[in-house]
Amino acid sequence: MANSTETAVERAHRTIHAGGEWLAASSGATREILDPADARPFAVVAEGDEQDTDLAVAAARRAFDAGDWPHTPVAERAALLRRVADLLVRDRETLGLLESRDAGKTVEEGRVDIDCVADAFRYFADLVAGEGAGRVVDAGSPDIHSVVVHEPVGVCAMITPWNYPLLQASWKIAPALAAGNTFVIKPSEITPLTTVALIDLLTEAGLPNGVANIVTGPGHTVGARLAEHPGVDLVSFTGGLISGTKVAQAAAVTVKKVALELGGKNPNVVFADACESEEGFDTAVDQALNAAFIHSGQVCSAGGRLIVEESVRERFVAELVRRAQKIRLGRGTEDGVECGPLVSEQQRAKTEDYVASALAEGAALRCGGKRPEPSPQRPESGYFYEPTVLDHCHRDMRVVREEVFGPVLTVETFRTEDEAVALANDTEYGLAGAVWTADAGRARRVAGRLRHGTVWINDFHPYLPQAEWGGFGKSGVGRELGPAGLAEYRESKHVYQNLAPRPVRWFAG
């Protein structure tokens, strides 16, 4: 076991956790973790492969098949999850800073993420602790006792993204543990550090060896092996559509359970009546900025499609642009910075390509669209990109159809409610969307017609751990959070007991 005084960073290359031990990669390979604000390495992790993955799955399999955790009383499992939440609160500053350096977001965003992670652990602790012993089914006879019970699904493989490393991990780990499962998690190879730290906290909280396992490494080796592994009973993946499709195809061979959260292309619909008062106008503009540019737009639910009523379009976009140009861009650990860098050079290049294609297809650049001038807060080597507003956009543009995952906002307009709904639903995805209106009846109508898993009315981005999260269409399969998020990590079993058995005499014999 690692010395208890070691941190995730100090442990360096020993970041594979299998069966209660911190290990180096079997190949000895390592990967440098870069700070996206200056592209300099600040940590080293193990670069695992298929052999390391097999080792971790074997440890999780033993812990599930022969260990105590699946049979631990619910009250004890809930108590452990609450201890983890307390440890997260204790380490909030350290973990928030680590999340900032790892993913490029501001420290304040990192702190908020840690708060949300703690909330998720507490929610699932409360949810399982408040359940009964099963659902009694009326069989129509006093001689029959029939009940549906829930059991852990088994060994869970978890593959998480780089934009919200610890938050996305918690949405999988907390319900999996609450249900009594064991797991192997593969964090993104470019932002693994806080997930590594969470494994330490689980150990400190008293989780038995082998229940929690982690393999740091790339998707084409570790992720692919987890998806196809016959020793895995469920794979939960959050990430891009192409990778998610590959995960589903690999998992199909062994017919394991699959949960996929694959992102979105999320509409933010603003009706003119939401802007009639100065307060309403100010709020709608402010929230349009939040929708598009929080974490530099690297959010699966980012409101990157502004769909605004034509009569207020010019005023709305002009004010939006004015404020976007004032966003303080820089290193997330610096005071006063409102928006950090993109996570990698690859992600910035992808964003630049989308903007270039939009301009070639006729979009009008209202602001941004380039790398900022270097400054002490924005080293030239960092992966910075200015908040960008593209006007006069339409559905045929790549930038409108595809997920950018960068600080890019496209503007479309509508004249009628039906047109607004048609535009908002004109996407292969269906993760989240918002409607802004002062008309309560219109708000309910439009929210009811939007084909998206989460719909906000006069707000954008908040979520509740007790409410399901997931999408329609190509946004994925299954749900995280809420009771359905717990159900993903369970199997339902019907136990039918005949209290007065007697011969049936179906066969004369």
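Because the structure is a prediction, the values reported are computed rather than measured.

Student: Please set out the overall build of the protein chain residue by residue, giving values where relevant.
Tutor: Of regular secondary structure, the protein chain possesses 15 helices and 20 strands. Seen along its three principal axes, the alpha-carbon backbone of the protein chain occupies a region of about 85 × 55 × 40 Å. Split into buried and exposed, the 509 residues of the protein chain put 57% on the buried side. Of all intrachain contacts in the protein chain linking residues separated by at least 6 positions in sequence, the fraction that spans at least 24 positions is 73%. With the model as given, the accessible surface of the protein chain reaches about 20,700 Å², and the carbon-plus-sulfur share is 51%. One finds the centroid of the 52 positive side-chain charges in the protein chain at a distance of 3 Å from the centroid of its 71 negative side-chain charges.

Student: So what about helix 8 (residues 241–252)? Which residues, and what values?
Tutor: Taking 1.5 Å per residue, 12 residues should reach 16 Å; helix 8 reaches 16 Å between its end C-alpha atoms and fits that length. Every buried residue of helix 8 is listed here: Gly244, Val247 and Ala251. Projected down its long axis, helix 8 carries its buried residues within an arc of 55 degrees, all on one side. The exposed set on the far side of helix 8, more than 90 degrees from its buried face, consists of Ile242, Lys246 and Gln249.

Student: So what's going on with the packing of helix 1 (residues 50–66) against helix 7 (residues 219–228)? Residues and values would help.
Tutor: Contact geometry of helix 1 with helix 7 gives a least axis separation of 8 Å together with a crossing angle of 40 degrees. With respect to helix 7, the axis of helix 1 lies oblique. The hand of the helix 1/helix 7 crossing is right-handed. Contacts between helix 1 and helix 7 involve Glu50, Thr53, Asp54 and Val57 from the first element and Thr221, Val222, Arg225 and Leu226 from the second.

Student: Give me the lowdown on unusual backbone geometry, citing residues and values where you can.
Tutor: Positive phi values are uncommon outside glycine, yet alanine 39 reaches one of about 65 degrees. Assignment of secondary structure puts alanine 39 in the loop between strand 3 (30–35) and strand 4 (40–46). In this model, histidine 461 sits at a positive phi of 90 degrees, which is unusual for a non-glycine residue. By the secondary structure assignment, histidine 461 is in the loop between strand 18 (454–457) and strand 19 (476–477).

Student: Can you tell me about the sheet that holds strand 5 (residues 135–137), naming the residues and giving the values?
Tutor: Judged by pairing direction, the sheet is antiparallel, and its 3 strands sit side by side in the order 5-6-20 without closing on themselves. On the outer flanks of this sheet lie strand 5 and strand 20 (490–498), each paired with one strand and no other. Looking at each pair of strands side by side, their axes are set apart by 25 degrees on average, direction ignored.

Student: Residue-level account of the packing of aromatic side chains, with values.
Tutor: In total, this model carries 8 aromatic pairs according to the counting rule given. Note on tyrosine 123 and phenylalanine 124: the rings are 4.9 Å apart at their centroids and 70 degrees apart in plane angle, and the pair reads as edge-to-face. The buried category is assigned to tyrosine 123, whose relative accessible area is 13%. Between tryptophan 162 and phenylalanine 405, the aromatic rings sit 5.3 Å apart at their centres with planes inclined by 90 degrees, giving edge-to-face as the arrangement. Placement of tryptophan 162 in the loop between strand 7 (155–159) and helix 5 (165–179) and of phenylalanine 405 in the loop between helix 12 (398–401) and strand 16 (408–414) is noted, with a sequence separation of 243 residues between them. Residue tryptophan 162 shares its accessibility class with phenylalanine 405, and that shared class is buried. Here the aromatic cluster, defined as three or more aromatic residues joined through ring pairs, consists of Trp171, Trp456, Phe460, Tyr463 and Trp469.

Student: Tell me about the sheet that holds strand 17 (residues 432–436), and please be specific about residues and values.
Tutor: Strand order in this open sheet of 7 strands is 14-15-16-13-12-17-18, and the pairing throughout is mixed. Of all the strands in the sheet, the pair left with one neighbour each is strand 14 (364–367) and strand 18. Each strand axis lies, on average, 25 degrees off the axis of its neighbour in the sheet, ignoring direction. Taken together, the 5 bridges between strand 13 (residues 305–309) and strand 16 define a ladder with parallel strand orientation.

Student: So, the nonpolar core: which residues are in play, and what are the values?
Tutor: In this structure, Leu88, Phe121, Ile173, Phe183, Leu202, Phe316 and Val389 are the most contacted members of the largest nonpolar core, which totals 95 residues. Ranked by residues supplied to this core, first place goes to helix 4 (residues 107–129) with 11 residues. Look past the residues within four positions of valine 389 in its chain and what remains in contact with it is Phe293, Val317, Leu320, Val321, Ala324, Ala364, Leu365, Arg366, Cys367, Leu409 and Val411. Within the second largest apolar cluster, 23 residues are counted, among which are Ala56, Ala157, Val215 and Ala227.

Student: Could you give an account of the pattern of salt bridges, naming the residues involved and the relevant values?
Tutor: All told, the structure shown has 44 salt bridges when counted by the stated rule. For aspartate 273, the salt bridge identified is with arginine 442, shortest N-O distance 3.0 Å. One end of the pair, aspartate 273, is in the loop between strand 12 (267–270) and helix 9 (278–293); the other, arginine 442, is in helix 14 (residues 440–449), and 169 residues separate them in sequence. The two residues aspartate 273 and arginine 442 agree in class, both being buried. Glutamate 314 serves as the salt-bridge partner of arginine 366, at 3.5 Å between the closest nitrogen and oxygen. One end of the pair, arginine 366, is in strand 14; the other, glutamate 314, is in helix 10 (residues 310–324), and 52 residues separate them in sequence. You can call arginine 366 partly exposed: its relative accessible area is 27%. Judged by its relative accessible area of 43%, glutamate 314 falls in the partly exposed class. Among the charged side chains, a salt-bridge network with shared partners connects Arg92, Glu93, Glu108, Arg111 and Asp115.

Student: Quick one: what's the story with the environment of valine 312, residue by residue and with numbers?
Tutor: Inspection of the secondary structure assignment puts valine 312 in helix 10. Using a relative accessible area of 16% as the deciding quantity, one classes valine 312 as buried. When the C-alpha atoms of valine 312 and cysteine 275 are compared, they prove to be 7.8 Å apart, with 37 residues separating the residues in sequence.

How each quantity is defined
- Residues numbered from 1 in each chain as written.
- Predicted model: local features only at pLDDT ≥ 70, side-chain atom pairs only at ≥ 80, totals over all residues.
- Heavy atoms only, no water.
- Helix = DSSP H or I, 4+ residues; strand = E, 2+ residues; numbered from the N terminus.
- Buried < 20%, exposed > 50% of the residue type's maximum accessible area, 1.4 Å probe, protein only.
- Contact = heavy atoms within 4.5 Å.
- Areas by Shrake-Rupley, 256 points an atom, 1.4 Å probe, with all protein chains shown as cover.
- Lys, Arg positive; Asp, Glu negative; His and termini not counted.
- Charge placed at Lys NZ, Arg CZ, Asp CG, Glu CD.
- Expected span 1.5 Å × (residues − 1).
- Arc of directions from axis to C-beta.
- Axes fitted to C-alpha atoms, helices over the stretch in contact; angles between N-to-C directions.
- Parallel < 35°, antiparallel > 145°, perpendicular 65-115°, else oblique.
- Left-handed = near helix turned anticlockwise from the far one by under 90°.
- Pairing = 2+ DSSP bridges.
- Phe/Tyr/Trp six-rings, centres within 6.5 Å; stacked < 30°, edge-to-face > 60°.
- Core = buried A, V, L, I, M, F, W, Y, C linked by side-chain atoms within 4.5 Å.
- Salt bridge = Lys/Arg side-chain N within 4 Å of Asp/Glu carboxyl O.

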